[in-house]
Amino acid sequence: MSPNPSPLRFGYGTNGLADLRLDDALALLADLGYDGVGLTLDHMHLDPLAPDLAARTRRVAHRLDELGLGVTVETGARYVLDPRRKHGPSLLDPDPDDRARRADLLLRAVRVAADLGAHAVHCFSGVLPDGTDEDTAWKRLAETLTPVLDAAATAGVPLAVEPEPGHLLATLADFHHLRRTLGDPEPLGLTLDLGHCQCLEPLPPADCVREAAPWLRHVQIEDMRRGIHEHLPFGDGEIDFPPLLAALAATGYQGLTVVELPRHSHAGPHFAARSLPFLHRAARQSAPLPPHGDPSATPEGSSTP
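Residue positions are counted from 1 within each chain, in the order its sequence is given. For a predicted model such as this one, the threshold for reporting local features is a pLDDT of at least 70, and the threshold for listing and counting side-chain atom pairs is 80 or more; totals across whole chains, interfaces and linings nevertheless cover every residue. Neither water nor hydrogens contribute to the side-chain values; these are computed over all heavy atoms in the structure.

> Please give an account of the overall build of the protein chain that cites residues and values.
For the protein chain, the helix and strand inventory stands at 9 helices and 10 strands. Relative to the globule expectation of 19 Å for 305 residues, the C-alpha radius of gyration of the protein chain, 19 Å, shows essentially globular dimensions. The principal-axis extent of the C-alpha atoms belonging to the protein chain is close to 70 × 40 × 35 Å. Three labels apply to residues, based on accessible area from a 1.4 Å probe with only protein chains included: buried if under 20% of the type maximum, exposed if over 50%, partly exposed otherwise in between. Looking at the 305 residues of the protein chain, the share that counts as buried comes to 54%. Within the protein chain, residue pairs in contact and separated by at least 24 positions form 74% of the contacts whose partners lie at least 6 positions apart. Accessible surface is estimated by sampling points in the Shrake-Rupley manner with a 1.4 Å probe; for residues, cover comes only from the protein chains shown. On the protein chain, roughly 13,700 Å² of surface is accessible, and the fraction owed to carbon and sulfur atoms is 52%. In the protein chain, 27 positive and 42 negative side-chain charges are present, and the distance between their average locations comes to 3 Å. Runs of H or I in DSSP of at least four residues are treated as helices and runs of E of at least two as strands, each being numbered from the N terminus. The size measure is the radius of gyration over C-alpha atoms, and the globule rule it meets is 2.2 Å times the number of residues to the 0.38 power. We call two residues in contact whenever any of their non-hydrogen atoms come within 4.5 Å of each other. Lys and Arg are tallied as positive, Asp and Glu as negative. Neither His nor the chain termini are counted. Taken as the charge location is NZ of Lys, CZ of Arg, CG of Asp or CD of Glu.

Structure, rendered in structure tokens:
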């Protein structure tokens, strides 16, 4: 039997391997058996602001191809644009020049994703700025994302917006609000972090997956507890993973499901090695059992129940 009978394709985020060179991180993930990588554009991993981005991207694309790794491009680097403000500036900032800097990062990410053959570009809204009312913030978000969505449509790479606890766009309902505000553009999709579903969505995580299925373009996964936005290694939280993975597989989702443990980067290789077997076990437990007595269920001489 294959170690992973699930149709799901598992990846690991480079934001959880920040102490490794990118080439070393990619080789590690390939050696461990991952299907792909969630590549966060950051100063240590394919810096989006350094010179010769296109040439460096081509080298990474060649390396991914050599290793047989799929990729999605993530844009959640903490200080890539501002060394003093975490995730700043955002798409919601009062200063239009600051909003334009964030939009430029996303435009660069779309170009990188197209050159890498990535299946999506991930982004999030940002936190509501002090002194800004929600209606104004939603207008800023829609206006600033519009040229990015146009670029994504031209590149053929979906933009997958992530509901992030504490941000303006924090829930699945908020994603649908943005979608309706923008007129439901085809390039706009959803990044669903399954831990966030456990953290704050009113529906159970498996039901969130089923509800979100038509818009799923990228998936992140980790363990989490209700009401606490803390990304945890598998088994340290409250999520029941077999039914969750079964629900995700049943949607027909074809992209990567990427382990998201950015605060465990100090021991990234350990957690990368530990996470994939956990997901494979959960996928086996979620797979439907063959009919009773099916002679193909247990090969002759096998001790597998």
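> Tell me what's going on with the side chain of Thr 57, and back it up with residues and numbers.
Structurally, the position occupied by Thr 57 is in helix α2 (residues 53-67). Residue Thr 57 is classed as buried on the basis of its relative accessible area, which comes to 1%. Every residue in contact with Thr 57, bar those within four places of it in the chain, is listed here: Leu 46, Val 112, Asp 115 and Leu 116.

> Requested: an account of the pairing of strand β7 (residues 216-221), with residues and values cited.
Counting buried residues along β7, 5 of its 6 residues qualify, which places the element largely inside the surrounding structure. DSSP calls a pair of strands paired once it identifies at least 2 bridges connecting them. Two strands pair when backbone bridges link them, and strand β6 (residues 188-193) and β7 are joined in this way by 4 bridges, in the parallel orientation. Within β7, the residue paired with Asp 193 across the bridge is Gln 220. Sheet topology places β7 next to strand β10 (residues 256-259); 3 bridges connect them, and they run parallel. The partner of Ile 221 across the bridge, within β10, is Val 259.

> Describe helix α7 (residues 205-212), listing the residues and the values that go with them.
Those residues of α7 that sit buried are Pro 205, Ala 206, Cys 208, Val 209 and Ala 212. Buried residues of α7, seen end-on, are gathered within an arc of 155° and therefore sit on one face of the element. Turning to α7, the residues buried within the fold contact α5 (172-181), β6, α6 (194-200), β7 and α8 (241-250). The reported arc concerns the directions from the helix axis to the C-beta atoms and nothing else.

> Tell me about helix α1 (residues 22-32), and please be specific about residues and values.
What sets the pattern is the α-helix's 3.6 residues per turn: residues three or four places apart point alike. Buried residues of α1: Leu 22, Ala 25, Leu 26, Ala 27, Leu 28 and Leu 29, and no others. Of the surrounding elements, those touching the buried residues of α1 are β1 (9-13), β2 (36-40), α2 and α9 (268-286).

> Let's hear about the packing of aromatic side chains: which residues, and what values?
Aromatic contacts are taken between Phe, Tyr and Trp rings whose centres are within 6.5 Å, Trp giving its six-membered ring; a plane angle under 30 degrees counts as stacked, one over 60 as edge-to-face, and the others as tilted. Here the structure, examined in full by the defined rule, presents 4 aromatic pairs. Arranged with centres 5.2 Å apart and planes meeting at 85°, the rings of Phe 234 and Phe 241 form a pair that is edge-to-face. Judged by relative accessible area, which is 2%, Phe 241 ranks as buried. Ring geometry for Phe 234 versus Phe 278: centroids 5.0 Å apart, planes at 5°, classification stacked. Placement of the pair is Phe 234 in the loop between β9 (228-232) and α8 and Phe 278 in helix α9, with a sequence separation of 44 residues. According to the relative accessible area criterion, Phe 234 is buried, its value standing at 5%. Taken together, the aromatic side chains of Phe 234, Phe 241 and Phe 278 make up a single cluster linked through ring pairs.

> Quick one: what's the story with the environment of Leu 244, residue by residue and with numbers?
Relative to the assigned elements, Leu 244 resides in helix α8. As a C-alpha pair, Leu 244 and Ala 282 span 38 residues in sequence and 9.1 Å in three-dimensional space. Sequence-distant contacts of Leu 244, that is, excluding residues within four places in its chain, are made with Leu 194, Pro 205, Ala 206, Val 209 and Ile 239.

> Break down the packing of α8 against α9 for me, with residues and values.
Note on definitions: angles span 0 to 180 degrees between N-to-C directions of axes, and those axes are lines fitted to C-alpha atoms, for helices only across the stretch in contact. Following both chains from N to C, one finds α8 and α9 inclined at 75°, their axes separated by 8 Å at the closest point. Between α8 and α9, the crossing angle belongs to the class labelled roughly perpendicular. Each of Phe 241, Pro 242, Leu 245 and Ala 246 in α8 lies in contact with α9, whose residues at this interface are Phe 278, Leu 279, Ala 282, Ala 283, Gln 285 and Ser 286. Throughout, the ten residues Ala, Val, Leu, Ile, Met, Phe, Trp, Tyr, Cys and Pro are labelled nonpolar, Asp, Glu, Lys and Arg are labelled charged, and all others, Gly among them, are labelled polar. Its residues placed into classes, the contact of α8 with α9 shows 8 nonpolar, 2 polar and no charged. Small angles under 35 degrees read as roughly parallel and large ones over 145 as roughly antiparallel, with 65 to 115 read as roughly perpendicular and the rest as oblique.

> Explain unusual backbone geometry residue by residue, including any values.
The general pattern is negative phi for most residues beyond glycine and trans for most peptide bonds. Between Gly 88 and the following residue, Pro 89, the backbone shows a cis peptide bond with an omega angle of -15°. Within the element layout of this structure, Pro 89 appears in the loop between β3 (70-74) and α3 (96-116). Of note, the phi angle at His 87 is positive, near 60°, even though the residue is not glycine. Looking at the element boundaries, His 87 is found in the loop between β3 and α3.

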